[in-house]
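Listed below, chain by chain, are the residues.
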Amino acid sequence: MLNFQGGKLLLGVEDDGTISGIQRADLETWVMDTVFGRYVHPLAMPFYEEVLFEDAKRVAVISLTQGIAKPYVVRNNNREEIYVRVGSTSRLATREQQARLFESCGMLHAEVLPVSGSNLDDLDQARLSDYLVNLAGDQMAPQSAEEWEQRLTGLGFMVGRPDGPAACTIAGLVLFGRSPRRCLRYAGVRWMFFAGDMKDYQAQDDTVLDGPLVALWEGRPGAGRNIVEDGLLERLIDRMRPFISEEASEINEGLRRESSYRYPFDAIREALLNALVHRDWTRPVEVEVVNYLNLLEVTSPGALQNSMTIEKMLAGQRSPRNPIIVEIMRDYGYVDARGMGVRRKIVPLTKDYAGKDAEFVLTDDYLNVSIPARHAQAT
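The rules behind each value
- Residues numbered from 1 in each chain as written.
- Predicted model: local features only at pLDDT ≥ 70, side-chain atom pairs only at ≥ 80, totals over all residues.
- Heavy atoms only, no water.
- Helix = DSSP H or I, 4+ residues; strand = E, 2+ residues; numbered from the N terminus.
- Expected span 1.5 Å × (residues − 1).
- Buried < 20%, exposed > 50% of the residue type's maximum accessible area, 1.4 Å probe, protein only.
- Phe/Tyr/Trp six-rings, centres within 6.5 Å; stacked < 30°, edge-to-face > 60°.
- Pairing = 2+ DSSP bridges.
- Axes fitted to C-alpha atoms, helices over the stretch in contact; angles between N-to-C directions.
- Parallel < 35°, antiparallel > 145°, perpendicular 65-115°, else oblique.
- Left-handed = near helix turned anticlockwise from the far one by under 90°.
- Contact = heavy atoms within 4.5 Å.
- Nonpolar A, V, L, I, M, F, W, Y, C, P; charged D, E, K, R; others polar.

Caption draft 1: Fine view of helix α6 (residues 232-244). Compared with an ideal rise of 1.5 Å per residue, which puts 13 residues at 18 Å, α6 spans 18 Å between its outermost C-alpha atoms and is within 8% of the ideal. The complete set of buried residues in α6 reads Leu232, Leu233, Glu234, Leu236, Ile237, Met240 and Ile244.

Caption draft 2: Inspection of the packing of aromatic side chains at higher detail. The tally for this structure, following the rule as stated, stands at 9 aromatic pairs. Look at Tyr131 and Phe176: their rings are 6.0 Å apart centre to centre, the planes differ by 50°, and that puts the pair in the tilted class. A residue pair is termed long-range when its members are at least 10 positions apart, and Tyr131 in helix α3 (residues 125-135) and Phe176 in helix α5 (residues 170-176) qualify at 45 residues. Take Tyr131: its relative accessible area is 6%, and that puts it in the buried class.

Caption draft 3: Quick peek at the sheet that holds strand β5 (residues 73-76). If you trace the 4 strands from one edge of the open sheet to the other, you get β2-β5-β6-β7, paired in antiparallel fashion. Looking at which strands have only one partner, the edges of the open sheet turn out to be β2 (40-41) and β7 (89-92). Both strand β6 (residues 79-86) and β7 contribute to a ladder of 4 bridges, which runs antiparallel. Each residue of the ladder has a partner; that of Val84, found in β7, is Arg91.

Caption draft 4: Main features of the packing of α6 against helix α7 (residues 265-277). At a minimum axis separation of 11 Å, α6 and α7 run at an interaxial angle of 135°. Regarding the angle of α6 to α7, the classification is oblique. Handedness of the crossing formed by α6 with α7: right-handed. Where α6 abuts α7, its residues Leu232, Leu233, Leu236, Ile237, Met240 and Ile244 lie against Phe265, Ile268, Arg269, Leu272, Leu273 and Leu276. Residues belonging to the contact of α6 with α7 are distributed by class as follows: 11 nonpolar, no polar and 1 charged.

Now the structure itself:
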């Protein structure tokens, strides 16, 4: 329960609901000192109470909130075992579930894990050179493969190996990889468009986009910088644009029909960026963006971490899952330094533009953001 969403444990009630009552006089001491003090690690403080029924039978109620120091383990016989709640049963956590528990509390940053089969050639050196010289402050880009690997390892973009050349980390590949999906199959983003209000059998557009998050820029800071090759976010928005925009019914003075977006553009950009930057890399699925008739849905793999909730997110609390990716995207100006995009962009802009609220749905597997469309203008 500590590793899941908390809950209540009843002592003195049988599986069929029959109240048998508790007999042990010092049950509270045993639960608090022996069970939670000796066997459960790290320390957790449940709430203990007893309910007295008319027939003098007592039932102990142990209340647990979701733990903030996951994973919690059971120590016994010189072993530590991690359990997770699945339905109504408790089971030993699989390797993947353990990784998610460590990642959810910030003890593991999956973005720095090496990507098997990757190497320096998988990274775009033009983008990296621009970052190092124009944003990171290096005098010049590395001149040899050894210098590149040493510099990129220091930044967390690569990781050394004792038995061969350095491998790219998830962060390095996602930020600067030429084609990240070649080695990391769930990188990129899946985009779909359906003309109705649900996923029909046949989508009018369905594609998986690949590429580095960072665009290729030219020029120096302060002297004018321009994108010469799009990054993944720009590629995605370009693919979406014909489906999320509409032309005015009247021709303007220049004899052209002006186009406008059916959704608040800055809110869309923020939702897409959040999904790409803050996704859980222990989940082997792509970020998914689906446009329906009057709704845009952005789904990011993984639940929120560090006991973060939708309420805390809306209030402006920050808990970056991928700090390296966030910092690099902030260096390029993609990410706001305040980290308040949900509160200051998605929520108010959607309300003002569409007259409806954006909706947020959180599960153990994903965070879904739904942005309603503005009603089409009358012709």
